[in-house]
Structure formats: structure tokens, C-alpha cells
Amino acid sequence: MKRWATYHLLTRRAPPGFGASNGCSFAACLGLSAVAFGAVLAAVLMPLDAAFAQAQTNLEQIIKPPTVDATEPMLLQADEMIYDNDNARITAKGNVEIYYGNYTLLADKIVYNRNANTLAAEGNVRMKDPDGAVITSDQLTLTDDFRDGFVDALKLVTKDETRIVAESASREAGNVTVFRKGWFTPCKLCKEDPSKPPTWRIRAGKITHKRDQAKMAFNDARFDLFGVPVIWMPYFQTADPTVKRKSGFLMPSYSHSSELGSTVQVPYYFALSENFDFTFAPMWTEKAGTLLLGDWRHRTSAGGYEVELAGVWNNSNSFLSPDGTVERVTDQDFRGSIKTKGRFALDPYYSWGWDVLLETDETFRRFYNLDSRLKTDRVSQLYLEGLHDRNYFSTRFYNTESLLFTDEEFSESVVYPIIDYDYIVDAPIVGGELSFNSNTMVFSSADGTDSNRFIVQAQWRRQLIDGIGQVFTPFGRLRGDVYSLENPGLLELGGTEDVVIANPDADNTIWRGNAVGGLEYRYPFIASTGLMTHTVEPIGQVIARPSSVGDQQEIPNEDALSLVFDDTILFDIDKFSGYDRIETGTRANVGLRYTAQLPSGAYGRAVFGQSYQLGGENEFDTAFYQTSGLASHRSDYVTGLYLQTSSYLSFSAQSRFNENNFDMERTDLGSRLNYGPVKAQVNYARIPEDVPADIPIVPAAIVSNNDREEILGGGALAITNEWWLLGNLRYDLQANQTISDGLGVRYQDDCFRLDVTYQRSNISDQDIEPDQRFLVNFALKYLGTYSTNTSAFGGFSDVDGN
């Protein structure tokens, strides 16, 4: 029969159990040392853990040694208790359990020496500390307050399964812990063969952890990878994991490309304060000089900002322009960029910020792979925005610049500013919702065209459902515009044959207004078959507007150039993408929607519809929008098909078919699969030419002589639990040419990841030529950037392989 005894070694009683504590026990300190021991490899390789370099406390912070409340009692139970009063010893044998504060100590035998104030445990010793770390050993000696101690044949496992094994460990003064002949690993041991070396571990003859200084010192250290010694260091010192922000080197990176040659980047992190830091990351290239990179980050109580600086000297590249002349990217000896982003809250509802990129030339960032090579423009903005109750306000200043050599001047512009304000009336008006919108823009283009506009509109809509489930939605809109134009250049193509150009010497003020009234009708039919619910919903919409609002070609078209007519905008009141163009005349939109729903959340949806111009001018019947599918009185047919399983499969297909012969004019397909060992994403797009190629006055930048047809895909295949095959591809089907592709292999377990990838790009623009890159990246848990996710595009910075 077990016996219980309570010893008021220090005085107050506490209930037994596994509690939590903010202090650090002997075992907790060993656990802490185990985690800190992981910093060995970082110092061996020079770079410190990037994770260590981003957190909360400073090296200079002094951490007090662990203590237990002086009033805590010790609760002891065992099968047999032997009292030796002459020697002031108490011996507990058989299933011994001791509970002291939030510590638990289990052993076959424990001897308590009251004269020496020590506890000596033998046989199957296990101790759990307040942090949840568990120590196992054959022998353990502790002071009676668990402050100091000595342990033989130590095995420690923390809550996150970090392990440290040592022949012995001791703690002195509650502050200094010394491990002798031990090793550390955050890797899980092999279940079938626990004696098998983990993926990686660090062995050392002696490890000294000074808790008050938050420092770790290592003697005779070796790094093992898959049981093979890789690196040896006689001595080094580093901060322990309680120091989450510590200046030092980060993980280096290496790549080789045909344009840059071999590339090595070694970042150094400066932990300057708890709320700001700086990373200096020079990148040496074999063929293109040494690129200097710096990243400043600063967080305040209201927000934060970041500034990235990049520059290189003596690398002004030349290229052969389309006319055969030799052009230089820049005439300066310096190439560089400043990229900054910030956001700050003014109050709980409003904030301001910026996203700005300044660059000496158009290709600098793409040439050095700082940005994707598929990037075609540079957009900077400064903004103020807020959302409160039923109000939305936004003010944005934009600067846009093209990055392509062949683009025209009109692609570079400044917007200062564009202001949007939306308001929804909080009370029903005639039983419906009334809202107001306004837009103000001041615009200047590099081609000399300046335009200012002010637009205000009011919208009302109300939904009515009758007794048999029919849904009627009447709606209305009133809108007024005023434009002020200065030196307008080429504005737009007008008509199907003629080209309309405004007088470049004219200063114009243009007024425009529009009134819209309409009705939408829906009648959903719902039926169930087994576990599936079916919904069939015919939809009809009639929209009445004035037949004409004047010659819209006089107004520069700055924000309505992008028009994709598909099922998602079939029932929009105005299908133009921006304010500069508005629909006129009477239009009817009709369609049918079918939805099948399962209880698991999986569903399928199909949409089919068409739009009709019933009267008035069709504003889509201009040369620029001839291929939009809306230029005739009867639009092309649009369809949409959407499938979504509960988790592992999704598919979407949006298509437009010619209204005369039902030929496919445009299609966009998208799919994503995450099932078993396969993770994949495939997208396909077929897009018609934007502008007829036989119209000579259209700028070359927006002319497409042929349809565009591309396929874009990426995926990962799990060969085993640890090994993955990675790949991505972007292919131009019309030109029968690969735009970019990549292939890679990844090894990843719970504590180590290795990526070996090959990437190829066939993009050419100025000094950017087709390129091939080979990259090797690795990460160690606690010693570098590490993630347990396996992305379908893992090992590649983006789906385009750039």
C-alpha cells in the first residue's frame, strides 16, 4: 500500500499535478538549453537563425533564475517509506512520486537527505517541469528547492519534441547549466528504430548556458546530417532562444544563372531596437557586379513601414532595339531602386499609407530577379481611406509607368488624386436601399493629355418576393459627369471604320448625364433528390436608358479599356470597367442558372446567358470594343461552369461563344487539385485580339495580330512522405513557345528541408534575355527559415517560375 507524506520544506501547501509556471525549473532550464543548443549550427555556418532574428526580447535583458514559492510543500508517495533519523534521511522505494509546486518527479527510489537538503533519485527517473519538458535518466540529484542539481545519462524531451541527450548535466546557482558529452536535435526519432540518428543533430563536448546573460557557449561542437559529421568547430558563443532579436548573419543563398552567373547572398541582421531593425544583404554576382541590398523596418503603435534599398555600380547594360540600333538601359554608372510601403491608422476607422517604387531604369529589378520578369508596369500610390458605419472614403495618388521598351507615352501617367466617396442611407426609401457614389479624378498623361472629372450618382433598388417565390427587383440610377480636358491627344477609335481624333489644340469642358431604370426578375425552382439539392433559376433583366449621351469619343478613355464580357458581369447595370464610358439605350439580359448542392458543402453551378441591345446607340459598337462580344444587337453567348468539392478539387470554366456560329471566342479554365500525393493547379486562357490589326493609327502597344492562348500550371507530387517532385510551366500555344518553366526536387521532414530547382525563362525586353537558373535552398528547424507547408509551387518563388 502506498504511503503519503507532506514535507513543509519551505512552507505553503499546493495541490499535486502538472501546472504551468512562469519560472524556470532545473528541467525547464535544460529544455531551454536544448532549444538554445540549436543555435550551434547557425554560428558554425555564420548565419544565425532568421527566426531568432525576429521577435521580442533583447540580449541585454536579464532573466532571473527560477524560484519556487517559499510556502510550497513537497508531497511524496511511495510503496515503502524508510525513516533513518540518525542520519536524517528518508528513503522512498517503489513507484515513488514527488510533487513540488508544478514539478513532478518519478523514480524507483528517492533518498531525501535533510542535512544536505538534497534529493537523490535512482532507477527510471522522470521529471516534468512547469514548461512541460520531461527529463529521463538513471540518476538525478537535486537540491530540495529544485534550484540546483546534477543528472546522469540525461534524456530531455520538450513539448515540441525537441530533444537533448547528455552523459551528464548540472546546474549551479540556479543560473548556469552545463551539459557534458551531449547532443541536441529538434527532429523526431525514428519510431521503428529510435537508435537511428535523427535527420540532423549537434554534438558537443561541453555546453554552458548562462541564463542571466542569455548566452550559450559550445566546446568541441559537431554538426551531423543523416548521421554523418559535416562541420566541426572548437569553440563559439551565441545567444540562447530567449533572445528573439539578435544581430548576426542570416542564412545565405546561392544560385547560378546564364545572365548573372554564380550568385551568393549573405544577409546580416541588425537588431537595433524592439520596434525597428535593418537587414543588409549584399549579393555578389559573377557577371553583373555586386548588388547592395538593405531593408529597414519600423513598427509604431499606429502602424509600420518598410524601406528597401537596392543598387549596383558599373553595370550599365546595352541591348539591341527593334530597329537594330544599340540602346543603353541607362547612361549612368549606377542602377538602383527604392521600394517602400507603409500603413498607419489615424483612428479605428481611417488609415493612410503608401506603396512607392522608384527605379533608375525599366529593367533593373527584373534583371536582378528582385521582381518577376513578367511584370509589365510600375504603379506607385499614396492613399487615405476609411470605412465607418455606412460611409466609405478613399483618396489615392497614383503614378504609373510602363516597363516595356515598346510601350507608348500614354502608358505613363499621374493621377493626383482620385477620390471616391460612397454612402448608403440607413433608412429604407420607398421600401428599398438608396445609395450615393461620387468620383473625382485629376489625371495627366506623358503624351500631353490632361483630364479632370467629377462624377456623382444615386442608386436605388428594392427586392420584392411574392407568394409563389418569384423575385422582382426594380432599380434606378441617376448620374451626372463633368470633364475638363486640356490638350487632348489620341482619344479613341470611333465607329466601325472611321477614326475620330480630337483637336489637340482644344481646351474642352464636357457635361454628361444619364438616367437608368430597370427591373430584374428571378424565379428559383428547388427540388431534392436523395442527398442533393437542385436549384434552377431563370433570370431576366430589362434596363432602360437614354438613346444617346453625345459623342463619348471626345472623353479620354483612361479606366474603361479593360472589358471581359463573361457570366460574372452579364447582369451588371453597366458592363464597362470604369467611369469614362457608359452604356446607352435599352438593353435586356437573360440567363439561366443551375446549382446542385451536397450536405458536405460540395456544389456545382452552371450559368448560361445572352445580352440584347433593344434600342438606342450601342456604345460597344466601336473599333476598340469590336471583339468584346457586345458590339452587335445580340451579344455572344456566355457560359460559366463551377465545381467545388469539400476540400480537394475545384474547377471553373468561363467561355464566350459567337452568337452566329457558336464558335468559341474566349475561354478561361482554372483547376486546383489537392488529393493524396498530388497537389496541382492548371489554368488555360484563350483571348481574342484586342484591336483589329488593320487599323493603322492604333498604338503598337495595344495591337494584337493574333489571338492569345496560354496554359499555366504548377504542381507537386509526393514520391514518399519526405520526397517531392516539383514543377511549373507557362506556355504560349499560339507561338508554340515556352514562356517559363521549372523543375525541382524537395526533401522535407519535420526539421529539415532541401530544394534543388532548375528554372528557365524565355522573356526578352531590353537587357533582359532568356535565362536559366539553378538554385539550391535548404532550411533547418530553429536554424533558418522553416515551414512545414508543401506548396503546389514549392521551391519556386511564383507560379511563373521567376
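Residues numbered from 1 in each chain as written. Predicted model: local features only at pLDDT ≥ 70, side-chain atom pairs only at ≥ 80, totals over all residues. Heavy atoms only, no water.

This part takes up the pattern of salt bridges. Tallied over the entire structure, the rule returns 32 salt bridges. The closest approach of N and O atoms between Asp 224 and Arg 203, which form a salt bridge, is 2.5 Å. In this pair, Asp 224 is assigned in strand β12 (residues 215–225) and Arg 203 in strand β11 (residues 200–210), connecting sequence segments 21 residues apart. With relative accessibility at 2%, the residue Asp 224 sits in the buried group. Classification of Arg 203 by relative accessible area gives partly exposed; the value is 26%. Across the salt bridge formed by Lys 375 and Asp 371, the nearest N and O atoms sit 3.7 Å from each other. Residue classification places Asp 371 among the buried residues on the basis of a relative accessible area of 13%. Overlapping salt bridges, with partners in common, bring together Glu 308, Arg 365, Asp 371 and Lys 375 in one network. (Salt bridge = Lys/Arg side-chain N within 4 Å of Asp/Glu carboxyl O. Helix = DSSP H or I, 4+ residues; strand = E, 2+ residues; numbered from the N terminus. Buried < 20%, exposed > 50% of the residue type's maximum accessible area, 1.4 Å probe, protein only.)

What follows concerns the pairing of strand β43 (residues 723–732). One ladder, built from 9 bridges, connects strand β42 (residues 708–718) with β43; its direction is antiparallel. Bridging across to β43, Ile 711 finds its partner in Tyr 731. Counted along the chain from β42 to the antiparallel partner β43, the turn is 4 residues long. The turn joining β43 and strand β44 (residues 737–748), which pair antiparallel and follow one another in sequence, is formed by 4 residues; a positive phi near 55° is taken by Asn 736. (Pairing = 2+ DSSP bridges.)

On average, residues of the chain carry a pLDDT of 80, and 78% of them reach 70 or more. Low pLDDT (under 50) marks residues 1–68, which in the prediction has 231 contacts with non-local residues, meaning those over four places away or in another chain. Contacts of residues 786–802 to residues separated by more than four positions or lying in other chains number 67 contacts, the stretch itself having pLDDT below 50. (pLDDT = per-residue confidence, 0-100. Contact = heavy atoms within 4.5 Å.)

This model, assessed by the stated rule, comprises 28 aromatic pairs. The interplanar angle of 70° and the centroid separation of 5.4 Å between the aromatic rings of Phe 576 and Tyr 625 together place this pair among those described as edge-to-face. Taken together, the residues span a long stretch of sequence, with Phe 576 in the loop between β35 (532–544) and β36 (586–597) and Tyr 625 in the loop between β37 (603–615) and β38 (637–644) at a distance of 49 residues. Given the relative accessible area of 8%, Phe 576 is considered buried. The exposure class of Tyr 625 is buried, given its relative accessible area of 2%. (Phe/Tyr/Trp six-rings, centres within 6.5 Å; stacked < 30°, edge-to-face > 60°.)

In this structure, the amide linkage connecting Tyr 416 to the following residue, Pro 417, adopts the cis form with an omega of -10°. You can see Pro 417 is positioned in strand β28 (residues 413–424). A positive phi angle, close to 55°, is found at Phe 226, a residue other than glycine. Note on placement: Phe 226 falls in the loop between β12 and β13 (228–239).

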